[in-house]
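Fold and contact review
The lines below spell out each chain.
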Amino acid sequence: MDQIEKAIETYEKLRKCKYHIKIENGMEFDLLFGKQNFHHLIGLQHLTDKPRIAKPMEPQKKFYNTLAGSVALQQEILSSRKYKLIQERVENFNKLVDILQSGEAKIIVAFDPGKTPTQQIEAEFMLFDRGHDLMDKSADIVFYHLFMDYNTPNKYCPITYIVEHSNMYMNDQDFLNCSITQIPLIEQPKKESRKKKSSPKTPPTNP
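Below or above, wherever it landed, is the structure these notes cover. Position labels on residues start from 1 in each chain and follow its written sequence. Only residues with pLDDT of at least 70 are given local features in this predicted model, and only at 80 or more are side-chain atom pairs given and counted; all residues enter the totals for whole chains, interfaces and linings. Side-chain numbers come from the whole structure's heavy atoms, not from hydrogens or water.

Notes on the nonpolar core
The set of buried Ala, Val, Leu, Ile, Met, Phe, Trp, Tyr and Cys residues whose side-chain atoms join them within 4.5 Å is what this entry labels a nonpolar core. Only protein chains enter the accessibility calculation, which uses a 1.4 Å probe. A residue is then buried if its area is under 20% of the maximum for its type, exposed if over 50%, and partly exposed in between. Counting 43 residues, the largest nonpolar core has Ile-21, Leu-100 and Ile-108 as the members making the most contacts within it. Among the elements that take part in this core, helix 1 (residues 3–15) stands out by supplying 5 residues, more than any other. In this view, Ile-108 contacts Ile-21, Ile-23, Phe-29, Phe-125, Met-126, Leu-127, Met-148, Asp-174, Phe-175, Leu-176 and Cys-178; residues no more than four positions away in its chain are not counted. Core analysis: the second largest hydrophobic core is formed by 11 residues, Val-109, Ala-123, Ile-162 and Tyr-169 among them. Secondary structure follows DSSP: runs of H or I at least 4 residues long count as helices, runs of E at least 2 residues long count as strands, and numbering of each begins at the N terminus. The contact criterion used is simple: two residues touch if any of their non-hydrogen atoms lie within 4.5 Å.

And the structure:
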């Protein structure tokens with residue numbers, strides 16, 4: 001299984017839940033992972049040498065379905081000259097599962113994009129995970145960031161996912177405690193198209 005296929009497998013796990021996030025300031029919202037969010041979340045827009053991948057003609061939801069079922073398209077992503085720009089987030093895509101584990105005392109950032117002038121990310125909140133033990137001074141610092149913004153009132157969607165070897169997205173931000181609850185989504189059974197059976201005719205009765 002290659003890295004793109006693994007990332008899709010991780011995303012399918014994420015799509016099976018609704019994530020209810022409750023922040024210490026009293027705000028509550030649900031985070032949902034739609035098929036249409038995968039493209040930008042994993043960074044395919046950066047593969048500009050592959051125009052049909054960077055800017056697909058079909059809706060992103062349909063593109064996700066095509067990508068999930070096409071080994072050739074997955075290999076085309078890996079062959080991009082710009083693949084190094086997204087390689088870390090692809091290889092660490094499963095960190096999103098760790099970031100969204102159910103539990104108390106999670107940390108959330110009320111994200112202010114003006115405090116990171118090198119990259120303007122339009123997102124309201126950001127969840128993150130640290131990639132090393134802070135007590136180990138020799139370890140590389142890695143932060144895994146999930147940025148979110150509202151889709152409809154009280155419903156949020158993922159905007160982008162970034163692996164960063166510095167605390168540039170953390171500087172001067174406002175940190176808040178939050179809790180995350182995973183709520184499994186019930187899959188709706190597919191409706192089978194059946195012809196409506198006509199009711200049997202009642203035989204005429206003798207007068």
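Side note on the packing of helix 1 against helix 5 (residues 71–78)
To obtain an axis, a line is fitted to C-alpha atoms, over the contacting stretch when the element is a helix, and the angle between two such axes runs from 0 to 180 degrees between their N-to-C directions. Two elements in contact, helix 1 and helix 5, have axes whose closest approach is 9 Å; the angle formed by their N-to-C orientations is 115°. Looking at the two axes, helix 1 sits roughly perpendicular to helix 5. Across the interface between the two elements, Ile-4, Glu-5 and Ile-8 from helix 1 touch Gln-74, Ile-77 and Leu-78 from helix 5. Residue type decides the class: Asp, Glu, Lys and Arg count as charged, Ala, Val, Leu, Ile, Met, Phe, Trp, Tyr, Cys and Pro as nonpolar, and the leftover types, Gly among them, as polar. By residue class, the composition of the contact of helix 1 with helix 5 is 4 nonpolar, 1 polar and 1 charged. Convention used here: angles under 35 degrees read as roughly parallel, angles over 145 as roughly antiparallel, angles from 65 to 115 as roughly perpendicular, and any remaining angle as oblique.

Focus on the pattern of salt bridges
Any Lys or Arg side-chain nitrogen located within 4 Å of an Asp or Glu carboxyl oxygen qualifies as a salt bridge. For the structure on display, the rule yields 5 salt bridges. For Glu-12, the salt bridge identified is with Arg-15, shortest N-O distance 3.1 Å. Of this pair, Glu-12 and Arg-15 both sit in helix 1, 3 residues apart, which is roughly one turn of that helix. By sharing partners, the salt bridges in this structure join Lys-95, Asp-98 and Asp-129 into a single network.

Functional significance is not addressed by these values, which are geometric in nature.
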